[in-house]
Amino acid sequence: MTSRFWIGAATLSAVAFAIGGSAAAQRGQFRQMLERARNHQPADPNSTKLKAPGDYRFSFERDGLTREYLVHVPKSYRGGPMPMLLALHGGGGSADYQADDSKYRLISKSEAAGFIAVFPNGYSRFRSGILGTWNAGACCAAAVHNKIDDVGFIREVIARVETQANIDHRRIFATGMSNGAMMSWRLACEAPEIRAIAPVEGTDNTAGCKPAHPVPVIEFHAVNDEMVAFNGGPGPKSFTQVNFTSVQATQAKWVALNRADPKAKRVLTVAGAHCDLHPAKPGGAPVELCVTDTGGHSWPGGGTQQGRKQPSMAISANDLMWSFFSSL
């Protein structure tokens, strides 16, 4: 698919902890990033109605900053209510990178499953949105240092898209990679519009959390993640010294917040991966964890990440998250 996202879009995969990669891949992709950044086209500042399938770029002013978001409307959209998935890029990335179907295959999943995909851009000093980060609590970088109100920004994105398209308010979901995954946890804590989340390779690093309602969770994490270590602490290859919360602590926190069953049951076992589910108790919400033995800091079932083509993964984060969301 030819996408308007890539008209002058900036890609970045390596100079930040969210994406990693070899030095050679970093240099090549950094050159690519700079070339595309020079030609970045302005976004539509209006809440233009999304009447036809396709790819769109929008911007608006908030807190003295110009903030952008991308929208993909699948071919199956005919004006009836449709779910929305917010997909948040990793630290040092951009909305354009997260929307690149060769990297995360979320555009393909939007077409196959029938949902509107929305890609907000994190805080960036650059007009093109490159090197974006999210204020997800303890992480990350400039967004935290500048106390950027990313919760307010994303809530405004949701409100704008709801005026632009017919969104099923009961089916607004969030996912994200790394720093973006961490931001999805914060949204679950502070944005009541969010009905469920699917964080990938990023734990909950919020200081406090009082969700307005139970928020179903399906979390993905590799045992050998070298950026956000499975057992917590600063990852051995992370550019930040944040003492990341462990996967185990994150799960325990949300089992309690969601009033889920403390006893998990194995719901999927395949070579190299498994998923454990804490079922919802009355009035609560489920919490599921899918673990891969390999893959490192990457999106299970994604495409070309970390400067190299991903090996065939045991599971697909896109397939499992959408199956989980559809079951709610």
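This one's a predicted model, so the numbers in the text were calculated from it and none came from an experiment.

Conventions adopted
Residues numbered from 1 in each chain as written. Predicted model: local features only at pLDDT ≥ 70, side-chain atom pairs only at ≥ 80, totals over all residues. Heavy atoms only, no water. Helix = DSSP H or I, 4+ residues; strand = E, 2+ residues; numbered from the N terminus. pLDDT = per-residue confidence, 0-100. Contact = heavy atoms within 4.5 Å. Salt bridge = Lys/Arg side-chain N within 4 Å of Asp/Glu carboxyl O. Buried < 20%, exposed > 50% of the residue type's maximum accessible area, 1.4 Å probe, protein only. Core = buried A, V, L, I, M, F, W, Y, C linked by side-chain atoms within 4.5 Å. Phe/Tyr/Trp six-rings, centres within 6.5 Å; stacked < 30°, edge-to-face > 60°.

Asker: Describe unusual backbone geometry, and please don't skip the residues or the numbers.
Answerer: Cys-140 follows Cys-139 through a cis peptide bond whose omega is 25°. Inspection of the secondary structure assignment puts Cys-140 in the loop between strand 4 (116-120) and helix 4 (141-145). Despite not being glycine, Arg-105 has its phi angle at roughly 60°, a positive value. Its place among the elements puts Arg-105 in the loop between helix 2 (95-98) and helix 3 (106-113).

Asker: A description of the confidence of the model for the protein chain should follow, citing residues and the corresponding values.
Answerer: Across the protein chain, the average pLDDT comes to 88, with 84% of residues at or above 70. Throughout residues 1-29 the model reports pLDDT below 50, and contacts reaching past four residues in sequence, or to other chains, amount to 97 contacts.

Asker: So, the pattern of salt bridges: which residues are in play, and what are the values?
Answerer: Scanning the entire structure with this criterion turns up 13 salt bridges. Lys-109 is the salt-bridge partner of Asp-319, the closest N and O atoms lying 2.9 Å from each other. Taken together, the positions of Asp-319 in helix 8 (residues 317-326) and Lys-109 in helix 3 put the pair 210 residues apart, joining distant regions of the chain. Take Lys-109: its relative accessible area is 18%, and that puts it in the buried class. Put simply, Lys-253 and Asp-204 hold a salt bridge, and the shortest N to O gap is 3.0 Å. One end of the pair, Lys-253, is in helix 7 (residues 247-257); the other, Asp-204, is in the loop between strand 6 (196-200) and strand 7 (217-222), with 49 residues separating them in the sequence. Judged by relative accessible area, which is 2%, Asp-204 ranks as buried. Overlapping salt bridges bring together Arg-62, Asp-63, Asp-149 and Glu-156 as one network.

Asker: Quick rundown of the nonpolar core? Include the residues and the values.
Answerer: A general tendency of soluble globular proteins is for nonpolar side chains to be buried together. Formed by 48 residues in total, the largest nonpolar core has its most connected members in Val-71, Leu-86, Val-118, Ile-154, Ile-194 and Trp-254. Counting only elements with at least two residues in this core, the list comes to strand 1 (54-62), strand 2 (65-73), strand 3 (82-88), strand 4, helix 5 (150-164), strand 5 (167-177), helix 6 (179-190) and helix 7. Discounting residues that sit within four places of it in the chain, Leu-86 has contacts with Val-118, Pro-120, Ile-154, Val-157, Ile-158, Ile-172, Phe-173, Ala-174, Thr-175 and Ile-194. In this structure, Leu-70, Ala-87, Ala-117 and Ala-273 belong to the second largest nonpolar core, which totals 29 residues.

Asker: Just give me the short version of the packing of aromatic side chains, but keep the residues and values in it.
Answerer: A full pass over the atoms with the stated rule returns 13 aromatic pairs. Aromatic side chains Trp-185 and Trp-254 sit 5.6 Å apart centroid to centroid with 40° between the ring planes, which places their arrangement in the tilted category. Of this pair, Trp-185 sits in helix 6 while Trp-254 sits in helix 7, placing them 69 residues apart in sequence. Here Trp-185 and Trp-254 have matching classes, each one buried. A ring pair is formed by Trp-322 and Phe-325, whose centres lie 5.7 Å apart and whose planes are at 85°; its orientation type is edge-to-face. Of the two residues, Trp-322 and Phe-325 are both situated in helix 8; the distance of three residues between them amounts to about one turn of the helix. Across this residue pair, the class does not change: Trp-322 and Phe-325 are buried.

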